Every structure is written in structure tokens, then in C-alpha cells.
Amino acid sequence: MRFIKAESLKKKPSDVSGFGKVFTDYMYVREYRDGRWNDGEIRRFDALELLPSASVLHYGQAAFEGLKAYRDDRGAVRLFRPEMNFERLKSSCERLCIPTVEVSDAIAALTELVRIERDWIPTAAGTSLYIRPLVFACDDSLGVHSAKNYKFIIMLSPSGAYYSHGFAPVALKVEREYVRAVAGGTGAFKVIGNYAASIKAGDSAIAEGYDQVLWLDGVHRKYVEEVGSMNIFFAFGDKVVTPELNGSILPGITRDSCIKLLRDDGFDVEERKISIDEVIGGARSGALTEIFGTGTAAVISPVDRLGDGDEDFTIGVHGKSGKIASRLFDELTGIQTGRYPDRFGWIKALR
Ligand SMILES: *Cc1c(COP(=O)(O)O)cnc(C)c1O
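Enquirer: Quick rundown of the pairing of strand 7 (residues 77–80)? Include the residues and the values.
Expert: Covered by surrounding structure in strand 7 are Val77 and Leu79 together with Arg78 and Phe80, the residues of both alternating faces. Here strand 6 (residues 67–71) pairs with strand 7 via three bridges, running antiparallel. When the bridges of strand 7 are listed, Arg71 appears paired with Val77. Between the antiparallel neighbours strand 6 and strand 7 lie five residues, among them Gly75 with a positive phi of about 90°. Sheet analysis places strand 7 next to strand 19 (residues 347–350), joined by four bridges and oriented antiparallel. In the strand pairing of strand 19, Val77 is matched with Leu350.

Below, the structure written as C-alpha cells:
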């Protein structure tokens, strides 16, 4: 792997806030040409040369990932379950006929890049270095078929605390008009087209005073799927229910980690179909005590309000996270940052 040193480096921000707006000095770039991936190189984070005919711009043959690096108080860099992200990237690539990148190659590239950029990893509470791997087609041709040329890029963005005002709950709107995905489509993969297709519903939810939409299944419009970029959990007292992976839900790594933590902590976790009627019924009767979303960016996102048509339901206590969501947030961020022991072997530490 080549390292092309930049002539000058950026000034690091003294105070990190926001998400995905600031990028570090370097990125990793690997190219696929003539049937093989090259060795790749680490070079200045800068504009790419891309023709207007580049196939990704027309047909969206691209997949991405999102993970985070933390620095603990002894200065070690900690990655959270990175092999899960690169396994998922492989399956997303396979779904879109993109040549895959070996997990070990991707991790070697990432660890080298993060080592070079370790001083960019923020250490204030709630901050992290967000890592965005991306693979896309760059044939210079308008034919609709799998491309012959690709780029694999890893970029790094120091990110501020997701919750600038503490652990604030969000409001969800049940989406009855649009659907995100159907089994057999691409909902279970982190591919770029899924997000373009979800923006319209997201924008109208925001215009109506909600934060995100709660998607229902595309066939029966009955079973809960997930939220824009989070999986979803419902607590009925100490029983926790999350939709089973059904081929249209994104298999979140935070989702998997929460299920393992909860089970290890003695909670009863059911992965099964859960209808919106069961959710609304529970909200009406009070049996539904908590809703929370799970995803790399927010880690855990408590939900205190659920809107459906003209009705609005308060979940738990307005303005407050539920007990299970708070506990998961504490445990997960504790393992990620090194405050708690890594009881599942989830951390890849770089010295
Ligand atoms: C990334 C993503 C998630 C969360 O996955 P994590 O691996 O936990 O970050 C959930 N839903 C969608 C649609 C996503 O894109």
C-alpha cells in the first residue's frame, strides 16, 4: 500500500461538533481495473476525477458502510466490530454485482489509515472518528450492466456528540404511504439507492414535526420494519421485541450488539414479526413502555412520541429516555470507549 505524503496538513478543529462535515487529511483509495483490485494507496483527501458519464451517477451501483473509532484514556485506538462492517460491505457488493473487497484487506487498509490519522480522533465525551467506506462503479459508459471499473474509498470524519443537549428522545411518524424496501429488493443491504428512495417520506415527517419515519413492510403494510438509518426495538416491561431479519430490514451491527447485551443481562428478547397494531395497542394501553432505535451514528435513540395519522402517542415519559435505552447506551458506549470491560471481544485495539 502506497503512502503519498501531503505537502501540508490541515489545522485540526479544536472543538468537534456536527456530523460528516469535516474530513481528515488523508483517505484510502483502491481501484478495480482489468479484473482485479490494485494495492491501493493512502493520499490526500481531495476531489476525485470523474466523468459525467461515470456509471454510478446514472445507475447507483454503489455500497457503503459506517463505523467509528474511539481513543481510550491510555491513548489506544479502539474500533468496534469492524469485521462485521466489512462482511456486510461484501454482501452489499455481491447484491449489486460489485467485485468484493476481502475483509482482511479492508481492515489492513483501515488500520493503516487510522494509525496515520490517530491525532484526529476526538476524545471529548460522545465524540468519535466516523469512518465511511464506499465502493462505487466508475465506468465511462451509459450501458446498464455491471461495470468493469470501481473505486473503494475509506474517508474519516471526526464527529461531535450526537446528542448536543443530552440524551434527547426523538419523535417517529408511522409511514403509511411510502415503503422503503421489499424482500428480494435491496433493503437488507447498505446500498446508496435505498436512501434516495427514503428522502421524500423523511422530509414530510420532518415538515409535520417528527424526526424520522417508522417504516412498515412493503407487502402487507402491517409489520414494523425499521427507521431511516436505525433498527427499532419495543419494550413491554422487561420483554424486548425487535423485528426479525426478513430480507428487507438492514441487519444492523448495533441491533445485533443490543440483542446480545440484553440477553446477557437477563432480558427476554424476541426477534419476530411485530405488527403496527400491536405497537399502537401497547401505546394505548400503556403495556408498551419504551421504543428505541439503534444505529452506529446515534448508538441508541430513545423515542418518546409516535404519530400515526391524526393520533399522537406519548411513549414512556415525554422528554425522557426509558430505562432499557439508557442502560444500553451506557453499556455500549462504555465498551466502545473502554470505560467497561470488552466482555464479548468486540473491540479491535490498535496500539
Ligand atoms: C446503517 C443502517 C442501520 C444501522 O446499522 P448499524 O450497523 O447498527 O449502524 C439501520 N438501518 C439502516 C437503513 C441503515 O442504513
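Enquirer: Help me get a handle on helix 7 (residues 276–285), residues and values and all.
Expert: Taken together, the buried positions of helix 7 are occupied by Ile276, Val279, Ile280, Gly282 and Ala283. One face of helix 7 carries all of its buried residues, which in axial projection span an arc of 160°. Away from the buried face of helix 7 by more than 90 degrees, exposed residues Asp277, Arg284 and Ser285 are located. Tucked into the core, helix 7 has its buried residues touching strand 10 (170–174), strand 11 (212–216), strand 12 (224–227), strand 13 (231–236), strand 17 (299–308) and strand 18 (311–314). Backbone geometry just downstream of helix 7 places Gly286 in the positive-phi region, at approximately 90°.

Enquirer: Break down the pattern of salt bridges for me, citing the residues and quoting the values.
Expert: Under the definition given, this model contains 28 salt bridges. Two residues, Arg255 and Glu271, come together in a salt bridge whose shortest N-O distance is 2.8 Å. With a gap of 16 residues between them, Arg255 in helix 6 (residues 253–264) and Glu271 in strand 15 (residues 268–272) connect regions that are remote in the sequence. When its relative accessible area of 35% is taken as the criterion, Glu271 is described as partly exposed. In this structure, Asp264 and Arg343 form a salt bridge, with 2.5 Å as the shortest nitrogen-oxygen distance.

Enquirer: Report on helix 3 (residues 103–116), specifying residues and quantitative values.
Expert: Note on helix geometry: an α-helix contains 3.6 residues per turn, so any two residues three or four positions apart are oriented the same way. Its 14 residues place the ends of helix 3 20 Å apart at the C-alpha level, agreeing with the 20 Å of an ideal helix rising 1.5 Å per residue. Buried within helix 3 are the following residues: Val103, Ala106, Ile107, Ala109, Leu110, Thr111, Leu113 and Val114.

Enquirer: Explain the packing of aromatic side chains to me, using residue names and the numbers behind them.
Expert: Under the defined criterion, the tally for this structure stands at eleven aromatic pairs. With centroids separated by 4.8 Å and ring planes inclined at 70°, the aromatic side chains of Phe19 and Tyr130 adopt a geometry described as edge-to-face. Pair noted here: Phe19 is in the loop between strand 1 (2–3) and strand 2 (26–33) and Tyr130 is in strand 8 (residues 128–137), with a separation of 111 residues, a long-range link. Relative to Phe152, the ring of Trp37 has its centre 6.5 Å away and its plane inclined at 70°; by these criteria the two rings are edge-to-face. Placement of Trp37 in strand 3 (residues 36–37) and of Phe152 in strand 9 (residues 150–159) is noted, with a sequence separation of 115 residues between them. Under the relative-accessibility criterion, Trp37 is labelled buried at 10%. Through a chain of ring-to-ring contacts, three or more aromatic side chains come together here, namely Tyr28, Tyr32, Trp37, Tyr150 and Phe152. One residue, Lys273, lies across the ring of Tyr223, its end atom 5.8 Å from the ring centre.

Enquirer: So what's going on with the packing of helix 6 against helix 8 (residues 323–337)? Which residues, and what values?
Expert: The geometry of helix 6 relative to helix 8 is characterised by a closest axis approach of 11 Å and an angle of 105° between their N-to-C directions. Overall, the two elements helix 6 and helix 8 adopt an arrangement that is roughly perpendicular. Taking contact as the criterion, the partners of Thr254, Ser257, Cys258, Leu261 and Leu262 in helix 6 are, on helix 8, Ile324, Leu328, Glu331, Leu332 and Ile335. Within the contact of helix 6 with helix 8, the residues separate by chemical class into seven nonpolar, two polar and one charged.

Enquirer: Describe the site of the ligand, with residues and values.
Expert: With respect to spatial proximity, 15 residues lie near the ligand, and among them Lys190, Tyr195, Glu226, Thr254 and Thr296 are the closest. For the ligand, an oxygen atom lies 2.4 Å from a polar atom in the side chain of Tyr195. Residue Thr254 places a side-chain N or O atom 2.6 Å away from an oxygen atom belonging to the ligand. When the ligand is considered free in solution it has 380 Å² of accessible area, and contact with the protein chains removes 97% of it.

Cut-off values and rules
- Residues numbered from 1 in each chain as written.
- Predicted model: local features only at pLDDT ≥ 70, side-chain atom pairs only at ≥ 80, totals over all residues.
- Heavy atoms only, no water.
- Buried < 20%, exposed > 50% of the residue type's maximum accessible area, 1.4 Å probe, protein only.
- Helix = DSSP H or I, 4+ residues; strand = E, 2+ residues; numbered from the N terminus.
- Pairing = 2+ DSSP bridges.
- Arc of directions from axis to C-beta.
- Contact = heavy atoms within 4.5 Å.
- Salt bridge = Lys/Arg side-chain N within 4 Å of Asp/Glu carboxyl O.
- Expected span 1.5 Å × (residues − 1).
- Phe/Tyr/Trp six-rings, centres within 6.5 Å; stacked < 30°, edge-to-face > 60°.
- Lys NZ or Arg CZ within 6 Å of the ring centre and 35° of its normal.
- Axes fitted to C-alpha atoms, helices over the stretch in contact; angles between N-to-C directions.
- Parallel < 35°, antiparallel > 145°, perpendicular 65-115°, else oblique.
- Nonpolar A, V, L, I, M, F, W, Y, C, P; charged D, E, K, R; others polar.
- Near = heavy atom within 4 Å.
- Polar contact = N/O pair within 3.5 Å; in protein donor to acceptor, adjacent residues only side chain to side chain.
- Areas by Shrake-Rupley, 256 points an atom, 1.4 Å probe, with all protein chains shown as cover.

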